[in-house]
Structure formats: C-alpha cells, structure tokens
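Now for the letters of each chain:
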Amino acid sequence: MIQWLQQLMEGFAKWPPIVQAVIRALLLVLPILTLVPGIIWYERRLLSWMQDRIGPNRVGNFRLPAHWKILPPGLRGRKFKLFGLLQPIADGVKLFFKEDVTPASVDRVIYFLAPALALFPAFALGATIPFGPYTLLTPVADVNIGVLYMLAISSLGVYGVVLGGYAGNNKYSLMGGLRSSAQLISYELSMGMSLAAIVLATGSLRMTDMVAMQEQPLWGMGGYGQIFQNWFILTPYGFISGIIFLVCMVAETNRAPFDLPEAENELIAGYHTEYSSMKFAVYFMGEYAAMFIFSAVFATVFLGGWNIVPINWGFLADNSPVLNGLFGFMKSMTIYLSPIWMVGKIIAGLTFYIWLRATLPRLRYDQLMSIGWRSMLPLATLNFMAVATWIFISARYGSAAGIGMWVVAGVVVFTLWRLLKSIDKGADLEVRTVKMVGGKPAPVVEVDPERVAEAVN
Amino acid sequence: MDLSKLPVKPTPELGIFLLLAGIAMASAVGVIFFRNAIRSALCLVLNFFVLAFLYFTLNCEMLGIVQIVVYTGAIMVLFLFVIMLLNLGAIQTDKDEKLDIKLPVGIMLGLGLFSLIASQIVPQMIKIQTPKAPDNFGSPQAVGNTLFSNYLYPFEIASILLLVGIVGSILLAKRRLNP
C-alpha cells in the first residue's frame, strides 16, 4: 500500500508543474467547499446543545420500506437517523430557489462583485498552509513569505464586506461596512504583531519552517526533555501571541463577539441587508471558509501543525527498549495520517469559535476599539520586544540566561499586575462613571454604600 | 508574420507579462476616466493588485506581497472608507460643456513628463535581457540584512518620521475637553 503510494507520488512528481499546481490548489479548495455545509450543521447542533435547545435534527431521517424484498430481512422497515446532517442541503436548496431580489437603487456592478470578493480571500488564504509533510501535495505554494501572504490575503477580506455595504445603498448596510473596515484594520495590526513574535522565534516566514521549528525539543531542553515538542503555545511568548492571535482571528472573521458589522439589533442585518438568495449564501460560505482556514493557520503556527500531540515519537522509539514498536507505530501514524490530525485541530478551532458565540455577548463599538488598540496592540508589541530581547540574550550569554530572562520577566509582570490590582481595589463600588463614545465622562457621583445596599435589597 | 524578427522573443512569460501589464494599464486608465469615486478607487485597487503579480513574475515575492499588504490591504481600504464616509456618488456634469483650456495643457504637460522619464528609462531597460531577478533577491532575509546594515540610519529616520506623523495626527484629532 505504502509502496504503491510512493510510486504514485514519484509519477506525480514527473507531471508538468502547472498540472501539479492545479491539483494542489484543488486538493485545498474542494475539501473546504464540501466541508462548509458540514461546518454549518456542526455549528447549529453544537450551539443548540450549548443553549439547551434541540436544533435541526430532522432532515435526513428515513425509514426503509417494509415491503421491499430486495433488502435483507433485518433492514426492512428500519429507521435511520442522520442527526439532521442533511439540513445544510435543504437550506442550500431553499436559498437557491428563493427569489433573488436586486433592489432598484443599488450600484449594480459593485453589488454583484462584492460577494465574489468576499469569497475569494477566504479560499486563497490557505495557499501556504501545510496539511502534512508531503511537499508535493500540500502547501499550494511553499514560498518564503508564507505568513506575510496570509496577512496580505486576509486584509483583502475587508473589500467584500465594505463594498457589499456600500452597494446596497442602504444606511444600515453602509454602517455595517464602515464598522467592518475600521474593525478589520484595527485587528490586523495586532495580528501581524503577534505573528511577528513567532516569526522572530522561528527565523523564517515559511509555514513549513514554523512546523519544523515546533518539532524541536521543548524550550531547547536536552536529555529526556527531548520527549516533548516545542509547540509555540507551550512557550511563554507563544502563549501570549496565541491568545492575541485567537482574539484577532475571531475579529477578522466577523464572528461573535466581534460581529458588529452584522449586529441585528442595531443595523437590521448589517452589510448584507440588501442581499438575498444565493448572493447572501455566498457571503456565508466565505465566512465559514475563513473560519476554517484561520483555525488551520492557528493550528499551524501555534499548535504544532500536523503533529497529533507534542511528543517526539521518534526520540521515544529510539530510547525505550520495551515500547519502541508502539512508539514507532505512533510516529508513522503521525506522518501518514497527518491531514486527519490537522483537520482535528481545525475542528477544535471551529468548536472554540462556536463556544465563544454561545458564551459571550456582542461587544459595544467603543469596547471593540479599546480592546484592539489599548490591550491587544500594546501586549503584542511588548511580547515582540520580549522575544527580541530573549533572542539577543540567549545569543550573547547562552540559553540559560535566556530562560532566566523569562523567569525574571514573569516575576516582574506578576508583581506589576498585583501592584496595579491592589491600587485599583476598592474603587469599583464608590465611583461609577459612564463614558460614552469619545464623549466626556459623566460627572462622578459619590455613592453612599448604605443606600446602595438598600437599593439592592 | 515572422515571429523571429520581433525585438523580443514570444515566450509564455511575455504573454503573462502582457496580460498583467494590459490589465494594469486598463485599470490605471479607469482610475482617471470613471466619474464614480468608488469605481475609480476600485480600479486603483485592481491596479495595485496586478502590479503585485508583476513583481511575482519577476521572482520578487516579498516586494509583491508587501505591495498587497500596504497598498491594496491598508491604504486603499482607508481610501474606500473615506469615500464611503463622505458617500460620494457619480459627479453630475453637463454633456455640452465648453472645452476647458486645462485639458489640452494638461495632456501636453503629461506627455512631456512621460517622454522625459521614458527617454531616461527605456534605453537602460532595452539592454536588460534576463527577465528575472537572481535567486533570493528581495527575500525577507536579504531585505532585513540590507535595512539593518547599510541603510540603518535612513530606515530609523523614516520610522521616526512616521511616528511623528502618527503623533501629529492624534494631536490634531484630539478632542479638547476644556476649550
């Protein structure tokens, strides 16, 4: 089997490069296209479970006819449940046959262009992500600017939303488009900064290099420390970067709690108010494809790419006399089934997206801006500077000094945090200010604690 | 038609270049000739995007992607943002407008500038036969090395200039609480 696959790959390597490239691109795009309905079903079922509802569980249940003689007797008249798995197909058929209303006063060219522009970056985004260690098949282009490419294409995603909002010739969709462009530009910066720290630690912008870097021993440990892999989420700087990237990735895909461009209670439906039928569906396909790809980016950059767990099976197999068969088997499974582990991590990312949507309420606009500019960006910049300092110190004074720097930095940050907390303490109940967007703070009202207690009771 | 007598050999690269350059030219013309500000801006977006692909064909991935990040992804989004904020539609003009003196003068000045630049650039470009940059030209490592060794001071000064610009714009946009 494996030999046959190897022969197949050798043959494949001899094909003309253009055909190879097209096949690589199809191998990326077609699975995403077929998985999007599955993601929608997964989101609806998981969301309904989290919200204590039933959710779509009916479409696809069927009973085999009792009188068909062709079936074996045990199957006749049996009920089968598909857990509503065909619901997305039913939804798709509904969307296809809905009336496609084009409002009279829209800018027609841009109105038709916008959904396509929303879909394009979502699919183009994944071109540099490796789904396994097969260089012939998986990153569509293993260029030396992989992360930068990802940032560039994700910044194009704003056009679909902005133009959709403009073309509708509707005040609410325009507001949605404006909000989204402001939001995406703000969060792109922190995303770039958080990835820059990882790029600094890797020393390369290539995605495959990042995965290779994460297969090194954890924290550069020697001896039996080599059992663990250096996934960036397990390192202090990578953990901070990962959290920042996670927040920015939710904001970049316009998902709850950052779904201000489509806030129903404020903007009807936001930028896609004037879209119906298939064009509306195309927007949603773009959104779900972008969720999928951003989860893939997170898995590649922070969660060790296509490795299943942060354990070096090869090292274990070489160093354990008893279980080396098992560990060798795990090593080969990690390599041969790598796309499955990658998709597993992506599903974990999608679950995180849905969990977030079920848990957090939508942010207010000023909160969104304040988180982006006042928390995420300074944190990402500080993290970037810390990584740079760490690299400088370990290059100059050895890796022990580098690890010492992290300990000192952790102690300093913890002390500062406690200090700030102790200063901040107690001020919460007495002073209550409401600060509107950009306006003056409301006058400070001295609150009598007894009256507060009275009012509460 | 004898293809071998052409000054340039017709290769697939030339075809791709002509396609990309044609799109870039057409969109550049569109920027000027569309009356609707949004469509002009979109043509400019297309122009920048296609320019990035021209850089890709020259093996300058870094330059192309920076073009997309900076111009297509950031600057043009801000352009669109401002245009949408002002809600500029198509300009309404009378068709039988009198021929403006500015038009011929502008065209002549433009042609003069074009011929001046072309007379300096084209003779140099004709000589270049290799259509691609050497390997690793403009790779992130090479750019970083150059920026932080040979051009350290210009780079730092440019950064400080940008910082001053940001601080200045914040100062201008700041709301004064006690006028």
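The shown structure was predicted, so the numbers you read here are calculated from the model rather than taken from an experiment. (Residues numbered from 1 in each chain as written. Chains lettered and ligands numbered in written order. Predicted model: local features only at pLDDT ≥ 70, side-chain atom pairs only at ≥ 80, totals over all residues. Heavy atoms only, no water.)

When its secondary structure is counted, chain A shows 17 helices and four strands. When each of the 457 residues of chain A is scored for burial, the buried share is 43%. Taking all contacts inside chain A whose residues are at least 6 apart in sequence as the whole, residues at least 24 apart take part in 72%. Counting every atom, chain A has about 24000 Å² of accessible surface; 69% of that belongs to carbon and sulfur. (Helix = DSSP H or I, 4+ residues; strand = E, 2+ residues; numbered from the N terminus. Buried < 20%, exposed > 50% of the residue type's maximum accessible area, 1.4 Å probe, protein only. Contact = heavy atoms within 4.5 Å. Areas by Shrake-Rupley, 256 points an atom, 1.4 Å probe, with all protein chains shown as cover.)

Moving on, we come to a positive patch on the surface. Residues and elements named next belong to chain A. Where like charges cluster on the molecular surface, the positive patch consists of Arg58, Arg63, Lys79 and Lys81. Take Lys81: it is sitting in the loop between strand S2 (79-80) and helix H3 (87-97). By relative accessible area, Lys81 is classed as exposed at 60%. (Patch = residues over 30% accessible without salt bridge, like charges linked within 9 Å, V, L, I, M, F, W, Y side chains within 5 Å. Salt bridge = Lys/Arg side-chain N within 4 Å of Asp/Glu carboxyl O. Lys, Arg positive; Asp, Glu negative; His and termini not counted. Charge placed at Lys NZ, Arg CZ, Asp CG, Glu CD.)

Here we come to unusual backbone geometry. Residue and element names in this part refer to chain A. Although it is not a glycine, Asp52 sits at a positive phi angle of roughly 60 degrees. Mapped onto the elements of the fold, Asp52 is located in the loop between helix H2 (17-50) and strand S1 (62-63). Its identity as a non-glycine residue notwithstanding, Asn254 has a phi of 60 degrees, on the positive side. Assignment of secondary structure puts Asn254 in the loop between helix H8 (236-252) and helix H9 (264-267).

Between chain A and chain B, the contact holds 28 residues from the first and 28 residues from the second. Where chain A packs against chain B, one counts zero salt bridges. Here the side of chain A that touches chain B is built from residues that sort into 19 nonpolar, six polar and three charged. (Nonpolar A, V, L, I, M, F, W, Y, C, P; charged D, E, K, R; others polar.)

Right, let's get into helix H5 (residues 146-167) of chain A. Residue and element names in this part refer to chain A. In a regular helix each residue adds 1.5 Å, so 22 residues correspond to 32 Å; H5 covers 33 Å between its end C-alpha atoms and thus fits that length. The element H5 is largely enclosed, with a buried count of 21 among its 22 residues. Among the residues trailing H5, Asn169 stands out with phi positive, at a value near 55 degrees. (Expected span 1.5 Å × (residues − 1).)

What follows covers the packing of helix H6 (residues 171-202) of chain A against helix H7 (residues 207-214) of chain A. Residue and element names in this part refer to chain A. Interhelical geometry of H6 versus H7 gives an angle of 70 degrees and a closest axis separation of 10 Å. If you check the angle between H6 and H7, you find them roughly perpendicular. Seen along the crossing, H6 lies across H7 with a hand that is left-handed. Along the contact surface, H6 presents Ile198, Val199, Ala201 and Thr202, while H7 presents Asp209, Met210 and Met213. (Axes fitted to C-alpha atoms, helices over the stretch in contact; angles between N-to-C directions. Parallel < 35°, antiparallel > 145°, perpendicular 65-115°, else oblique. Left-handed = near helix turned anticlockwise from the far one by under 90°.)

Moving on, we come to the confidence of the model for chain B. Considering every residue of chain B, the mean pLDDT works out to 80; 79% of them sit at 70 or more. For chain B, per-element mean pLDDT is lowest for helix H3 (residues 61-86) of chain B, which scores 82, and highest for helix H6 (residues 152-173) of chain B, which scores 90. (pLDDT = per-residue confidence, 0-100.)

Residues and elements named next belong to chain A. A surface patch of nonpolar side chains, about 880 Å² in accessible area, is lined by Met1, Ile2, Trp4, Leu5, Leu8, Ile335, Tyr336, Leu337 and Ile340. Where the nonpolar patch is concerned, the elements lending two or more residues are helix H1 (2-13) and helix H12 (324-336). Of note, Leu8 is situated in helix H1. Note on Leu8: relative accessible area 45%, which makes it partly exposed.

Below, the discussion takes up the packing of aromatic side chains. To describe a pair of aromatic rings, you give the distance between the ring centres and the angle between the ring planes. On inspection of all chains with the given rule, the structure shows 17 aromatic pairs over all chains. Both rings, one in A:Phe120 and one in B:Phe49, keep their centres 6.3 Å apart while their planes meet at 90 degrees; by these two values the pair is edge-to-face. With A:Phe120 in helix H4 (residues 108-124) and B:Phe49 in helix H2 (residues 37-57), this pair bridges two chains. Classification of B:Phe49 as buried rests on a relative accessible area of 17%. Among the aromatic residues, ring-to-ring pairing joins A:Tyr111, A:Phe112, A:Tyr275 and A:Tyr283 into one connected group. (Phe/Tyr/Trp six-rings, centres within 6.5 Å; stacked < 30°, edge-to-face > 60°.)

Residues and elements named next belong to chain A. Under the definition given, this model contains seven salt bridges over all chains. A salt bridge links Glu287 to Arg255, with the shortest nitrogen-to-oxygen separation between them at 3.4 Å. Taken together, the residues span a long stretch of sequence, with Glu287 in helix H10 (residues 277-302) and Arg255 in the loop between H8 and H9 at a distance of 32 residues. Considered together, Glu287 and Arg255 belong to a single accessibility category, that of buried residues.

For the rest of this paragraph, the subject is the nonpolar core. Grouped together as the largest cluster of nonpolar side chains are 110 residues, with contacts concentrated most on A:Met150, A:Leu195, A:Phe245, A:Phe294 and B:Ile38. Those residues within four positions of A:Met150 in sequence are excluded, and the remaining contacts are A:Leu125, A:Leu195, A:Met207, A:Phe245, A:Phe294 and A:Val297. A:Ile227, A:Trp313, A:Leu316 and A:Phe327 belong to the second largest nonpolar core, which has six residues in total. (Core = buried A, V, L, I, M, F, W, Y, C linked by side-chain atoms within 4.5 Å.)

This next bit is on the side chain of A:Ser204. All names here are of chain A. By secondary structure assignment, the location of Ser204 is in the loop between H6 and H7. At a separation of 3.0 Å, a polar atom in the side chain of Ser204 contacts the main-chain amide nitrogen of Arg206. At 2.8 Å, the side chain of Ser204 and the side chain of Asp209 are in polar contact. Sequence-distant contacts of Ser204, defined by excluding residues within four places in its chain, comprise Val199, Asp209 and Met210. (Polar contact = N/O pair within 3.5 Å; in protein donor to acceptor, adjacent residues only side chain to side chain.)

Glancing now at the environment of A:Gly176. All names here are of chain A. Secondary-structure assignment places Gly176 in helix H6. Among the residues examined, Gly176 registers a relative accessible area of 0% and is labelled buried. For the pair Gly176 and Glu266, spaced 90 residues apart in the sequence, the C-alpha separation amounts to 9.5 Å. Ignoring anything within four residues of it in the chain, the contact list for Gly176 reads Pro261, Leu267 and Tyr271.

This brings us to the packing of H4(A) against H10(A). When two helices pack together, you describe them by how their axes are tilted relative to each other and by the distance separating the axes. All names here are of chain A. Closest axis-to-axis distance for the H4/H10 pair is 8 Å, and the angle between their directions is 15 degrees. What the angle tells us is that H4 and H10 run roughly parallel. Handedness of the crossing formed by H4 with H10: left-handed. Residue-level inspection shows Tyr111, Phe112, Ala114, Pro115, Ala118, Leu119, Ala122 and Phe123 of H4 in contact with H10, the latter providing Lys279, Val282, Tyr283, Met285, Gly286, Ala289, Ala290 and Ile293.

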